[in-house]
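Structure at a glance
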Amino acid sequence: MDQKQIEIEEPQKYQKMHKQIVDLKPNLLILDISRIKLDNLDAIKDQLQLQILIAEQNTLTNNVFKELKVFKQLKILSLQDNHIVDHTHLEQIAELPLLELRLLYNRIASLPQYYRKVYEILPNLMTLDDYDRDGLMVNDLFQ
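Residues numbered from 1 in each chain as written. Predicted model: local features only at pLDDT ≥ 70, side-chain atom pairs only at ≥ 80, totals over all residues. Heavy atoms only, no water.

This part covers the overall build of the protein chain. The number of helices and strands found in the protein chain is three helices and five strands. The secondary structure elements of the protein chain, listed N-terminal to C-terminal, are α-β-β-α-β-β-α-β. Every one of the 143 residues in the protein chain was classed for burial, and the buried ones make up 38%. Residue pairs at least 24 apart in sequence account for 42% of intrachain contacts in the protein chain once pairs closer than 6 positions are excluded. Surface exposure of the protein chain reaches about 8600 Å², of which carbon and sulfur atoms provide 52%. (Helix = DSSP H or I, 4+ residues; strand = E, 2+ residues; numbered from the N terminus. Buried < 20%, exposed > 50% of the residue type's maximum accessible area, 1.4 Å probe, protein only. Contact = heavy atoms within 4.5 Å. Areas by Shrake-Rupley, 256 points an atom, 1.4 Å probe, with all protein chains shown as cover.)

Across soluble globular proteins, you tend to see nonpolar side chains buried next to one another. Counting 33 residues, the largest nonpolar core has L53, L68 and L79 as the members making the most contacts within it. Counting only elements with at least two residues in this core, the list comes to α2 (64-68) and α3 (114-121). Once residues lying within four places of it in the same chain are set aside, the contact partners of L53 are L31, I33, L41, I44, L68, L74, I76, L77 and S78. (Core = buried A, V, L, I, M, F, W, Y, C linked by side-chain atoms within 4.5 Å.)

The residue N106 is located in the loop between β4 (100-102) and α3 in this model. With a relative accessible area of 6%, N106 lands in the buried category. Within the structure, the side chain of N106 is placed 2.9 Å from the backbone oxygen of L79, a separation counted as a polar contact. Those residues within four positions of N106 in sequence are excluded, and the remaining contacts are L79, Q80, D81, N82, H83 and I84. (Polar contact = N/O pair within 3.5 Å; in protein donor to acceptor, adjacent residues only side chain to side chain.)

Ordered in space as β1-β2-β3-β4-β5, the five strands form an open sheet in which the pairing is parallel. If you trace the sheet from one side to the other, it starts and ends with β1 (30-32) and β5 (127-128), each paired once. (Pairing = 2+ DSSP bridges.)

Turning next to empty space enclosed by the protein. A probe matching the size of a water molecule, rolled over the atoms, marks out where space remains unfilled. Scanning all chains against the criterion turns up one cavity of 30 Å³ or more. In the lining of the largest cavity, the residues fall into seven nonpolar, one polar and no charged. (1 Å grid on protein atoms, 1.4 Å probe; cavity = no way out; pocket = protein on both sides within 12 Å on 5 of 7 lines; lining within 4 Å. Points joined across faces, edges and corners; volume = space filled by probe spheres on them. Nonpolar A, V, L, I, M, F, W, Y, C, P; charged D, E, K, R; others polar.)

All right, on to the packing of aromatic side chains then. Under the criterion given, the structure shown has two aromatic pairs. Judged by centre distance (6.0 Å) and plane angle (75°), the rings of Y115 and Y131 are edge-to-face. With Y115 in helix α3 and Y131 in the segment after β5, the pair connects residues that are 16 residues apart, well separated along the chain. Judged by relative accessible area, Y115 falls into the partly exposed class, the value being 31%. Residue Y131 is classed as partly exposed on the basis of its relative accessible area, which comes to 28%. Members of the aromatic cluster, connected to one another through ring pairs, are Y114, Y115 and Y131. (Phe/Tyr/Trp six-rings, centres within 6.5 Å; stacked < 30°, edge-to-face > 60°.)

Before going further, it helps to examine the pattern of salt bridges. Counted according to the given criterion, the structure contains four salt bridges. Salt-bridge contacts for E100 lead to R102; the nearest nitrogen and oxygen are separated by 3.4 Å. Per residue, the accessibility class of E100 equals that of R102, and both read buried. Two residues, R102 and D130, come together in a salt bridge whose shortest N-O distance is 2.5 Å. Of this pair, R102 sits in strand β4 while D130 sits in the segment after β5; the two residues are 28 residues apart in sequence, bridging distant segments of the chain. We classify R102 as buried; its relative accessible area is 8%. What you see here is one network of salt bridges that share partners, running through E100, R102 and D130. (Salt bridge = Lys/Arg side-chain N within 4 Å of Asp/Glu carboxyl O.)

Printed below as a string of structure tokens:
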């Protein structure tokens, strides 16, 4: 398979994946939409019962926090390895019942006082990247 053929097949592969997301059954509780090059959550905006959302290795930005505020049941959220650069819009999810949040491998995770700031903005959060408020590593809820 030559390079030109690969370039043509890749967009078709991701378009097919995005279509499958749109065709999901309503009222899902758990959803993993990792590695499909999503840059927004339009495809799942009707999944209002979600409790666990894993959206790793996409191209989501800080704007995702504005989209997430509609998921009022969300308890576990992983946005690892996306394009989240800072704390902008993070307060949009402060009212969610989030217990665990994962933001590793985003630029935000390398900011000074990252853990302190996130816990300050999200006071109900129990675990951030496998660490509690006291900096102690906790069991991974994903395993």
